[in-house]
Amino acid sequence: MTAPLTPPHQQPPGNDPWQTHTGGSHPGPVEEAPAMKKDLRDAVLVALAVTLAGVALGLLWLWLAPKVPLIADDKAVFLKDTEGEEAIGGDGTFILLALGLGALSAAAVFLLRKNGGIALVVGLAVGALLGSVLAWRLGIWLGPNQDVVAAAKAAGKGVTFDAPLKLDAKGALLAWPIAAMAVHLGLTALFGPRDPDPEWPVSPLEDPGPGKPESAGL
């Protein structure tokens, strides 16, 4: 005769036969929170650093953009060279410089944080856009006088002076973020960390085990 089993409601706590103990802790929201905060902090730092790099873009644009010569008479202000391409050269210079800085900023971010997540990429894109706007406004502010009439009066009749620096194609502001995103994506695809290949369980029929010869096929 076997001993009677203890009813479930009378069993002492901690002896639940249906409860399994794995002996380890499972990652949960508490453990993921520090990693998420670190990613957000890194994304903000990247956005600030890339935005400040817009100062360099603005100064380079002001230095390298071709000057548009103007001349005035008693009635109006005219282009000195009506067939010149200096007017569109400012946009092209800004775009080329922005593309170069986009590649450099993306490479720097990738080298510093190869395991960066989506937050880091968003910070890079936001910083590049803000840096483009900062460069645009800084170049205009440091460039020639925006008041053409006042500049013409100060220069005098028949004297050549420089036209204000401007960016006609506002789409050029997207050159930096687009280049940064493209280069960062390419570097991640080529040199980023790879996920390990999944290990599939081997069937006993396929693995004869150590010291056992494989069975010949029928």
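Just so you know, these numbers come straight off a predicted model, no measurement behind them.

### Some points on the overall build of the protein
Here's step 1: Assigned secondary structure in the protein consists of six helices and three strands.
Here's step 2: Reading the helices (α) and strands (β) of the protein from amino to carboxyl end gives α-α-β-β-α-α-α-β-α.
Here's step 3: Counting all 218 residues of the protein, 29% fall into the buried class.
Here's step 4: Put simply, of all contacts in the protein between residues at least 6 apart along the chain, 79% involve residues at least 24 apart.
Here's step 5: In the form shown here, the protein has an accessible surface area of approximately 15500 Å², with 67% of it arising from carbon and sulfur atoms.

### With respect to the environment of glycine 158
Here's step 1: Structurally, glycine 158 can be placed in the loop between helix H5 (148-155) and strand S3 (161-162).
Here's step 2: By relative accessible area, which is 45% here, glycine 158 ends up partly exposed.
Here's step 3: When neighbours within four sequence positions are excluded, glycine 158 is seen to be in contact with Ile71 and Ala72.

### Some words on the pattern of salt bridges
Here's step 1: Under the defined criterion, the tally for this structure stands at four salt bridges.
Here's step 2: For lysine 38, the salt bridge identified is with aspartate 42, shortest N-O distance 3.1 Å. With lysine 38 and aspartate 42 both in helix H1 (residues 29-52) and four residues apart, the pair spans about one turn of that helix.
Here's step 3: In this structure lysine 38 comes out as partly exposed when scored by relative accessible area, which is 38%.
Here's step 4: Exposure remark for aspartate 42: the relative accessible area of 13% places this residue in the buried category.
Here's step 5: A salt bridge links aspartate 42 to arginine 113, with the nearest nitrogen and oxygen atoms 2.1 Å apart.

### A look at the confidence of the model for the protein
Here's step 1: Model confidence for the protein is summarised by a mean pLDDT of 79, while 69% of its residues fall at 70 or above.
Here's step 2: Mean pLDDT across the elements of the protein ranges from a minimum in strand S2 (residues 77-79), with 74, to a maximum in helix H2 (residues 54-64), with 96.
Here's step 3: Counted against residues more than four places away or in other chains, residues 20-25, with its pLDDT under 50, gives one contact.

### Description of the environment of proline 144
Here's step 1: In this fold, proline 144 is placed in the loop between helix H4 (118-142) and H5.
Here's step 2: When near neighbours in sequence (up to four residues on either side) are disregarded, proline 144 contacts Asp162, Ala163, Pro164 and Leu165.

### Regarding the packing of H4 against helix H6 (residues 175-191)
Here's step 1: Closest axis-to-axis distance for the H4/H6 pair is 8 Å, and the angle between their directions is 155 degrees. It follows from the interaxial angle that H4 and H6 lie roughly antiparallel. Here the hand of the crossing between H4 and H6 comes out right-handed. Each of Val121, Leu124, Ala125, Ala128, Leu129, Gly131 and Ser132 in H4 lies in contact with H6, whose residues at this interface are Trp176, Pro177, Ala180, Met181 and His184.
Here's step 2: Its residues placed into classes, the contact of H4 with H6 shows nine nonpolar, three polar and no charged.

### Here's the deal with the packing of aromatic side chains
Here's step 1: A complete count under the given rule lists one aromatic pair for this structure.
Here's step 2: The ring of tryptophan 136 has arginine 137 sitting right over it, with the charged end atom 4.8 Å from the ring centre.

Thresholds applied
- As a convention, each chain's residues are numbered from 1 in the sequence order in which they are written.
- Local features in this predicted model are restricted to residues of pLDDT 70 or higher, and side-chain atom pairs are both shown and tallied only at a pLDDT of 80 or more, whereas totals for entire chains, interfaces and linings draw on every residue.
- As a rule here, side-chain values come from all non-hydrogen atoms in the structure, and water together with hydrogens is ignored.
- Going along the chain from the N terminus, every DSSP run of H or I of four or more residues is numbered as a helix, and every run of E of two or more is numbered as a strand.
- Relative accessible area decides the class of each residue, using a 1.4 Å probe on protein chains only: under 20% of the type maximum gives buried, over 50% gives exposed, and in between gives partly exposed.
- Should any heavy atoms of two residues lie within 4.5 Å, those residues are considered in contact.
- Here the accessible surface of atoms and residues is derived via Shrake-Rupley with a 1.4 Å probe, and residues count as covered only by protein chains that are part of the display.
- Just to be clear on terms, a salt bridge is a Lys or Arg side-chain nitrogen sitting within 4 Å of an Asp or Glu carboxyl oxygen.
- pLDDT measures the predictor's confidence residue by residue and takes values from 0 up to 100.
- Lines are fitted to the C-alpha atoms to define the axes, a helix being fitted only along its stretch in contact, and any angle between axes, read from their N-to-C directions, falls within 0 to 180 degrees.
- Should an angle fall under 35 degrees it is called roughly parallel, over 145 degrees roughly antiparallel, and 65 to 115 degrees roughly perpendicular, with every other angle called oblique.
- Handedness of a crossing is defined here by the sense of rotation of the near helix relative to the far one, left-handed for an anticlockwise turn of less than a right angle and right-handed for a clockwise turn.
- Note on residue categories: nonpolar means Ala, Val, Leu, Ile, Met, Phe, Trp, Tyr, Cys or Pro, charged means Asp, Glu, Lys or Arg, and polar means any other residue, Gly included.
- When two rings of Phe, Tyr or Trp (its six-membered ring) have centres within 6.5 Å they constitute a pair, described as stacked for plane angles under 30 degrees, edge-to-face for angles over 60, and tilted for the intermediate range.
- Our definition puts a charge over a ring when NZ of Lys or CZ of Arg is within 6 Å of the ring centre and also within 35 degrees of the ring normal.

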